[in-house]
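This is what each chain is made of:
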Amino acid sequence: MLSYVNKKYKPKKTELICLYKIIPAKGLTLEQAADHVAKESSIGTWTTISTMNPKVAKSLKPTAYKFDKKTGEVKIAYPPHLFEAGNIPEILSSIAGNVFGMKAVQKLRLQDIDFPESIVKSFKGPKFGIEGIRKLTKVKNRPLVGTIVKPKVGLNEKQHAKVAYDAWIGGLDVVKDDENLSSMTFNNFDKRMKETFKLRDQAEKITGEKKIYMPNITAETDEMLRRAKVVKKLGGEYIMVDILTIGFAGLQTLVKANLGMVFHAHRAMHAALTRMPDHGISMMVIAKVMRLIGMDQLHIGTANIGKMAEVGEECCQILRAIEDPKAKANIKASVLDQNWYGLKPILAVASGGLQPGMIPKLVKKMGIDIVAQFGGGCHGHPDGTEAGARAIRQATQAAIEGISLKKYAKNHEELRKAIDLWGVA
Ligand code: CAP
Ligand code: MG
């Protein structure tokens with residue numbers, strides 16, 4: 001008996017809606033598999049139980065109501081009291097927990113979630129968002145441009161600081177630690193902060209521009225809080241976290257600490273969940289959760305331009321969901337266009353395999369409300385980091401002025417050398 005399926009059901013505005021893509025186990029219909037998903041993600045189990053009572057069923061039972069036989073996509077509406085408002089771990093343990101392992105599905109992907117007002121308003125959302133970041137960095141009407149200190153790890157504190165300095169002097173706005181740099185035997189966190197902020201302050205004086213350092217504080221939660229305070233004491237405004245490896249609870253603790261710092265959200269490990277088009281959890285779901293929790297800027301991909309694999313056009317759909325649908329009206333909405341009830345937008349970060357010759361195409365596809373980051377595409381420049389930084393700023397200027405890179409490179413040597421080496425995308 002398909003007790004969780006009702007194709008005539010009209011979901012209530014107060015309900016949380018999930019869009020799942022389901023490939024049923026052999027011998028099961030899409031409806032039967034969806035019935036299992038709805039059951040296992042809420043109040044049921046594999047068999048009827050004597051302890052179930054009609055009150056529980058009435059108030060907490062979800063309904064699978066929309067089926068697309070072609071795509072296997074199913075919408076399930078969940079009563080809001082099934083979830084603890086403000087508690088991301090619990091919400092995901094429900095709708096993104098056991099269901100992926102059930103034998104009733106061959107494959108299952110949680111494509112999208114539409115959160116009801118009661119859940120959205122139980123979170124603070126981003127403290128700065130796009131407007132706050134532009135105000136802090138004083139960067140208007142162009143993408144923020146940055147680099148990641150490379151090699152990923154291995155430099156000592158002074159060498160690290162010098163690479164950052166060269167990037168800032170060359171014109172980049174932001175410099176971040178790589179996702180796997182924390183506090184190593186060869187590069188102690190506190191010493192790296194002292195050395196790097198010293199040179200950040202010098203670079204600001206020399207260039208007259210605001211320069212941002214985004215230190216990776218990824219560690220155990222108490223240690224992350226300590227490291228954030230070290231950064232703040234040295235005049236740092238940003239902290240970077242690896243959102244999946246520190247976990248949703250760690251993130252919520254950091255936000256609750258009200259540090260007054262900008263959160264840069266790196267998504268290392270995400271592809272273990274997001275990469276397969278038929279199984280896992282989409283980056284759209286992770287991005288929406290990050291806006292609820294309160295990340296200010298988030299890696300979302302490069303619209304298929306850089307080195308990382310992406311699922312279809314999800315990157316641009318995510319851009320619309322985390323920034324501002326009106327501003328991205330030319331981008332097809334995600335199936336569940338979220339109402340954010342006033343939560344600030346997140347600034348998208350495009351990174352991974354980018355080089356200056358890709359900037360016009362990147363801006364064309366993603367717009368200027370992005371942070372564009374270049375690791376190899378900066379430090380791999382034939383004349384080194386500072387020249388790589390100059391080439392990135394030159395390519396960005398050309399892109400926003402609508403001048404072809406080849407033309408602009410005629411009297412910008414650093415850009416010319418970059419596109420001679422890597423070409424124009
Ligand atoms: C980029 C990067 C970033 C990726 C993360 C790296 O370096 O520092 O971590 O961008 O991917 O380690 O690969 P390169 P995503 O510029 O040298 O590629 O942004 O897709 O999460
Ligand atoms: Mg990296």
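Residues numbered from 1 in each chain as written. Chains lettered and ligands numbered in written order. Predicted model: local features only at pLDDT ≥ 70, side-chain atom pairs only at ≥ 80, totals over all residues. Heavy atoms only, no water.

Novice: Honestly, unusual backbone geometry in this entry has me stumped. Any pointers?
Specialist: With an omega of 5°, the peptide bond between Lys150 and Pro151 qualifies as cis. The topology assignment puts Pro151 in the loop between β5 (144-148) and α6 (157-169). In this structure, Met269 is a non-glycine residue whose phi angle is positive, near 95°. If you trace the backbone, Met269 turns up in the loop between β9 (262-266) and α10 (271-274). With relative accessibility at 52%, the residue Met269 sits in the exposed group. The backbone of Tyr341 shows a phi angle near 45°, a positive value even though the residue is not glycine. With respect to the helices and strands, the residue Tyr341 is situated in the loop between α12 (314-322) and β12 (347-351). Overall, the relative accessible area of 25% leaves Tyr341 in the partly exposed class. (Helix = DSSP H or I, 4+ residues; strand = E, 2+ residues; numbered from the N terminus. Buried < 20%, exposed > 50% of the residue type's maximum accessible area, 1.4 Å probe, protein only.)

Novice: What is the right way to look at the packing of helix α15 (residues 385-401) against helix α17 (residues 413-422) in this model?
Specialist: When two helices pack together, their arrangement is given by the angle between their axes and by how far apart the axes lie. Running from amino to carboxyl end, α15 crosses α17 at an angle of 95°, the nearest separation of the two axes being 8 Å. Judged by the inter-axis angle, α15 sits roughly perpendicular to α17. Where α15 approaches α17, its residues Ala387, Arg390, Ala391, Gln394 and Ala395 are matched on the opposing element by Glu414, Leu415 and Ala418. By residue class, the composition of the contact of α15 with α17 is five nonpolar, one polar and two charged. (Axes fitted to C-alpha atoms, helices over the stretch in contact; angles between N-to-C directions. Parallel < 35°, antiparallel > 145°, perpendicular 65-115°, else oblique. Contact = heavy atoms within 4.5 Å. Nonpolar A, V, L, I, M, F, W, Y, C, P; charged D, E, K, R; others polar.)

Novice: Could you clarify how one ought to interpret the site of ligand 1 in this entry?
Specialist: Taken together, 16 residues surround ligand 1, and among them Lys152, His299, Lys307, Ser351 and Gly353 come closest. Residue His266 places a side-chain N or O atom 2.8 Å away from an oxygen atom belonging to ligand 1. Between ligand 1 and Gly375, the relevant distance is 2.8 Å, taken from an oxygen atom to a main-chain nitrogen or oxygen of the residue. When ligand 1 is considered free in solution it has 470 Å² of accessible area, and contact with the protein chains removes 93% of it. Broken down by class, the residue content of the shell around ligand 1 amounts to three nonpolar, seven polar and six charged. (Near = heavy atom within 4 Å. Polar contact = N/O pair within 3.5 Å; in protein donor to acceptor, adjacent residues only side chain to side chain. Areas by Shrake-Rupley, 256 points an atom, 1.4 Å probe, with all protein chains shown as cover.)

Novice: Would you take a moment to explain the sheet that holds strand β7 (residues 212-214) for this structure?
Specialist: Whether parallel or antiparallel, the strands of a sheet pair through hydrogen bonds between backbone atoms. The parallel open sheet is built from eight strands, whose spatial order is β7-β6-β5-β13-β12-β11-β9-β8. The open sheet has two edge strands with one neighbour each: β7 and β8 (238-242). On average, each strand axis in the sheet is tilted by 25° relative to the strand beside it, whichever way the strands run. Pairing between strand β6 (residues 174-176) and β7: three bridges, direction parallel. Directly across from Val174, in β7, lies its bridge partner Ile212. Its contacts with the sheet place α6 against β5, β6 and β7, and it is angled at close to 155° to β6. (Pairing = 2+ DSSP bridges.)

Novice: Can you help me understand the environment of Asp337 in this one?
Specialist: Residue position: Asp337 is located in the loop between α12 and β12. Contact partners of Asp337, with chain neighbours within four places excluded, come to Asp114 and Arg320.

Novice: What is the right way to look at the pattern of salt bridges in this model?
Specialist: Two side chains that carry opposite charge are able to pair once their charged atoms sit near each other. Across all of its chains, the model carries 29 salt bridges by this definition. The residue Glu209 makes a salt bridge to Arg393 at a minimum N-O spacing of 3.2 Å. Highlighted residues: Glu209 in the loop between α7 (189-207) and β7 and Arg393 in helix α15, separated in sequence by 184 residues. Several salt bridges converge on common partners, so that one network encompasses Arg200, Asp201, Glu204, Lys210 and Glu237. (Salt bridge = Lys/Arg side-chain N within 4 Å of Asp/Glu carboxyl O.)

Novice: Would you mind showing me how to read the nonpolar core here?
Specialist: Generally speaking, nonpolar side chains in soluble globular proteins are found buried as a group. In this structure, Tyr20, Ile22, Val241, Ile243, Met290 and Met295 are the most contacted members of the largest nonpolar core, which totals 119 residues. Ranked by the residues each element gives to this core, the list is headed by helix α11 (residues 283-293), at nine residues. Each of domain 1 (16-120) and domain 2 (129-422) accounts for three or more of the residues forming this core. Not counting residues within four places of it along the chain, the set of residues in contact with Val241 comprises Asn216, Ile217, Thr218, Met224, Ile246, Leu251, Leu254, Phe263, His264, Ala265, His266 and Met295. Core analysis: the second largest hydrophobic core is formed by 14 residues, Leu144, Ile212, Met240 and Leu347 among them. (Core = buried A, V, L, I, M, F, W, Y, C linked by side-chain atoms within 4.5 Å. Domains from an automatic or database assignment.)

Novice: Would you take a moment to explain the packing of aromatic side chains for this structure?
Specialist: When we look at a pair of aromatic rings, we describe it by the centre distance and by the angle of the planes. Tallying each qualifying case throughout the model produces four aromatic pairs. Centre to centre, the rings of Trp168 and Tyr213 are 6.3 Å apart; their planes meet at 85°, and the pair counts as edge-to-face. Here Trp168 is found in helix α6, whereas its partner Tyr213 is found in strand β7, with 45 residues between them in sequence. Ring pairing ties together the aromatic residues Trp168, Phe197 and Tyr213, which thus form one cluster. Here Arg227 stacks its cationic end above the ring of Phe189, 5.2 Å away from the centre of that ring. (Phe/Tyr/Trp six-rings, centres within 6.5 Å; stacked < 30°, edge-to-face > 60°. Lys NZ or Arg CZ within 6 Å of the ring centre and 35° of its normal.)

Novice: Teacher, can you tell me more about α12 here?
Specialist: An α-helix turns once every 3.6 residues. As a result, residues three or four positions apart point the same way. Among the nine residues that make up α12, nine are buried, leaving the element largely enclosed by the rest of the structure. For α12, the set of buried residues is Glu314, Cys315, Cys316, Gln317, Ile318, Leu319, Arg320, Ala321 and Ile322. On the buried face of α12, the contacting elements are β4 (105-114), α11, β12, α13 (359-366) and β13 (370-373).

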